[in-house]
Amino acid sequence: MATIRIDQGGDAGASLRTEPANTTVTGGRDILFGLYDDEVKLLEAVKAANADHLDIDDVYTPFPVHGLDPLLGLEESRLHVAGFIFGSIGCLFGFGFMTWVFTRDWPIIFGGKPYWSVPAFIPITFELTVLFAAVGMVTVFYIINGLGPGAEPRRLHDRITDDKFCIAFDVTDSDDTSIDQLRQYFERTGVETVHRKTVAA
Amino acid sequence: MSGHIAPVRQPLITGHKTYHQITEDICRPTETAPSLSWVITFIISVMLLGLFAFSVAWTVWIGIGSWNLNRTINWGWDITNFVWWVGIGHAGTLISAILLLFRQKWRTGVNRAAEAMTIFAVMCAGQFPLIHMGRLWLAIFIFPYPNTRGPLWVNFNSPLLWDVFAISTYFTVSLLFWYAGLVPDLATVRDRAVGLRKKIYGVVSFGWNGSAKHWQRWESLSLILAGLATPLVLSVHTIVSFDFATSVIPGWHTTIFPPYFVAGAIFSGFAMVLTLMLIARKVLHLEDYITIEHIESMNKVILLTGSIVGVAYLTELFIAWYSGYVYEQFAFLNRVLGPYYWSYIGMMLCNVLSPQIFWSKKIRTSLFWTFFMSIFINIGMWFERFVIIATTLSRDYLPSSWSYYVPSWVEICIFIGTLGLFFTLFLIFTRVAPVVAIAEIKSILKTAGDQYIGPNAVAHAHANHANGHTVPAEVNDLSAGSTVDIDGANDKPLD
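Calculation notes
- Residues numbered from 1 in each chain as written.
- Chains lettered and ligands numbered in written order.
- Predicted model: local features only at pLDDT ≥ 70, side-chain atom pairs only at ≥ 80, totals over all residues.
- Helix = DSSP H or I, 4+ residues; strand = E, 2+ residues; numbered from the N terminus.
- Rg over C-alpha atoms; globule rule 2.2 N^0.38 Å.
- Buried ≥ 20, exposed ≤ 12 C-beta atoms within 10 Å, placed from the backbone.
- Axes fitted to C-alpha atoms, helices over the stretch in contact; angles between N-to-C directions.
- Left-handed = near helix turned anticlockwise from the far one by under 90°.
- Contact = placed C-beta atoms within 7 Å.
- Nonpolar A, V, L, I, M, F, W, Y, C, P; charged D, E, K, R; others polar.
- Parallel < 35°, antiparallel > 145°, perpendicular 65-115°, else oblique.
- UniProt positions renumbered as here; feature names shortened; annotations may be inferred.

### Comments concerning the overall build of chain B
Step number 1: Each helix and strand counted, chain B has 17 helices and 0 strands in total.
Step number 2: The C-alpha radius of gyration of chain B comes to 25 Å, within 12% of the 23 Å expected for a compact globule of 495 residues.
Step number 3: Considered along the principal axes of its C-alpha atoms, chain B spans approximately 85 × 55 × 45 Å.
Step number 4: The proportion of buried residues among the 495 residues of chain B is 51%.

Spelled out as structure tokens, the structure:
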């Protein structure tokens, strides 16, 4: 069984580079989180948390762990809907614009072809469909995730983007009993280290 | 995604890596001082970039007359180089998009660098049409925007304008796709850095924190972008080929051009990826991540696309003869036996005959031969574009206009200069960003690491995933690894 260490201030883990815990943030959230060293342990731990009806705040991993989403009850992403909508706009805009230019605004005969030469409009219509869909979807992706240059979402531990798998609980309003219960849960599920950190809400 | 690993699959990550070692190995080039070889290569590249700036300035100052184009051969090295660079720029998106849809795990070792290469190659390609305009500052005229000239619009029926849309869309989408994949890895670099470095990587990593919901959307985004980029990558070189195929020049107006150009683009792109990766794996010590298995896979793609290109060359000749159309027949006879016969021989030798040596597994897995062939193929593909463009134009309908074309020093310097631009950008990239996709490599470790599969696997005694248990599809990828790390974890379904 792994050693349990509740990180208090300067007591940084020997094998882990940790940020100083308990940084005071006014109106912040108090987070208790455990780091696991393997994604299979993580999946088992999430299942155990579900069985114990523990309310997981979030799970952080260095890479996408398959099988995690249904355990956390995450619905399938609807990004593809955004992609479809933006793509449709691009498609209609491209085709509509070329139609307007060549039939209304400035009709010109090229090589004896009709003004409204639909086949010749297809390449640009296609490119604009893809362009709008991609740019729109990527923009939506960054906005709904709250990511962007200068964005500072909650970052619990430096090793989460390296090799540690993190389960976090919000213990802002928890009493000592429930925190003890969480510690026991971490211990039981083979956690490597447990930390506590106050983060911005 | 299937959890079953065919016994024929070789490990894609060697050296019994842990997750942390992967991070260390791939981040190292961004964290240490550059090696002497990097510095020397960089200085040479920047000097060539200077040559590019000089020869472009010369072209703009003196005019396009400083090139050796003439009234018969009005497209020469400029368009040849443009098509060559765009073709090279196809491998990155092919690897990242099409191979993602086909669930090819080996793409994870090379996709990041290949996508970077794509972006830089498209940037090089874009220079040529711009310079050929002569008045660079009027390049904005190619975009349809409300203007004071009427407004007079661009010609939406022209393949040259389709090119503008295709190339700029391709560049934008490739850049977005590449950067979306880079964000989690830049966050890894950020979390290892201190001081100013941490601040800079903090800004460019967009505050990524690895939350489960973010990863879910990230995977969804990658998949849909791959779905969009797949028809896009095929459309781009198709549209480039329309520059020729929709004209009325014998030798150009052939319906075979789109597939033939696309196959050629993948062919040359993979060759350039191999050239770069063979050097990068050595210089950046990434032999454990870009293995012989990766190189062999790419050589197989080269063999396939090289053969497709070869069939296309022969089909062209056959159809020219079979059409019974004398101008078409002459165009192809001239292509093979005319004044530019040497470039046709070069093309056939480099593109069709020599890649056939890759039928031999020994040669396919040899670093020397792979490197040699990758250079050879790039030369061959350059010849192909030159054959199509210069040879065809040199003998047009009027024998009195027949001509011969040799590039001027300015044209040669611009081409060499774009190599400088390309390598300068690529060398900077190897210093500032992880060259291998860290998160994606980690996600295949347990199904492709050499401690789990292959002859050096340490876990054979536990490898019991063929024991008849049903494992839910979502966790199949983990099941192979779970037999190693937690005894008995695989004995029951993970649901």
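More follows now that the structure is in view.
### Let's talk about the packing of helix α12 (residues 341–353) of chain B against helix α14 (residues 367–394) of chain B
Residue and element names in this part refer to chain B.
Step number 1: At a minimum axis distance of 8 Å, the contact between α12 and α14 shows a crossing angle of 145 degrees. Helix-helix and strand crossings are classified by hand; for α12 and α14 the assignment is left-handed. Every residue of α14 that contacts α12 at S343, Y344, G346, M347, C350 and N351 is listed here: F376, I377, I379, G380, M381, F383, E384, F386, V387 and T391.
Step number 2: When its residues are assigned to classes, the contact of α12 with α14 shows 10 nonpolar, 5 polar and 1 charged.

### Focus: the packing of helix α8 (residues 212–245) of chain B against helix α9 (residues 257–283) of chain B
All names here are of chain B.
Step number 1: Close contact between α8 and α9 brings their axes to 8 Å; oriented N to C, the two are set at 125 degrees. On the basis of their axis angle, the class for α8 and α9 is oblique. You can see that α8 and α9 cross each other, and the crossing is right-handed. On α9, the residues that touch L234, H237, T238, V240, S241, F244 and A245 of α8 are F257, P258, F261, V262 and A265.
Step number 2: The class makeup of the residues in the contact of α8 with α9 is 9 nonpolar, 3 polar and no charged.

### What to know about the UniProt feature "transmembrane region" (unreviewed entry) in chain A
Step number 1: Here, UniProt's "transmembrane region" (unreviewed entry) annotation points to residues 81–102 and 122–144 of chain A.
Step number 2: With 100% helix and 0% strand, the stretch residues 81–102 of chain A has end C-alpha atoms that lie 32 Å from each other.

### Some thoughts on the interface of chain A and chain B
Step number 1: Opposite the 62 residues of chain A that make contact, chain B presents 59 residues.
Step number 2: Elements with a minimum of two residues in the side of chain A that touches chain B: α1 (39–51), β3 (58–60), α2 (68–72), α3 (79–105) and α4 (118–145) of chain A.
Step number 3: When residues in the side of chain A that touches chain B are grouped by element, the largest group, 17 residues, is from α4(A).
Step number 4: Here the side of chain A that touches chain B is built from residues that sort into 37 nonpolar, 11 polar and 14 charged.

### Some words on the environment of I428(B)
Step number 1: One can find I428(B) in helix α15 (residues 409–432).
Step number 2: C-beta crowding within 10 Å serves as the criterion here: with 14 such atoms nearby, I428(B) is assigned to the partly exposed category.

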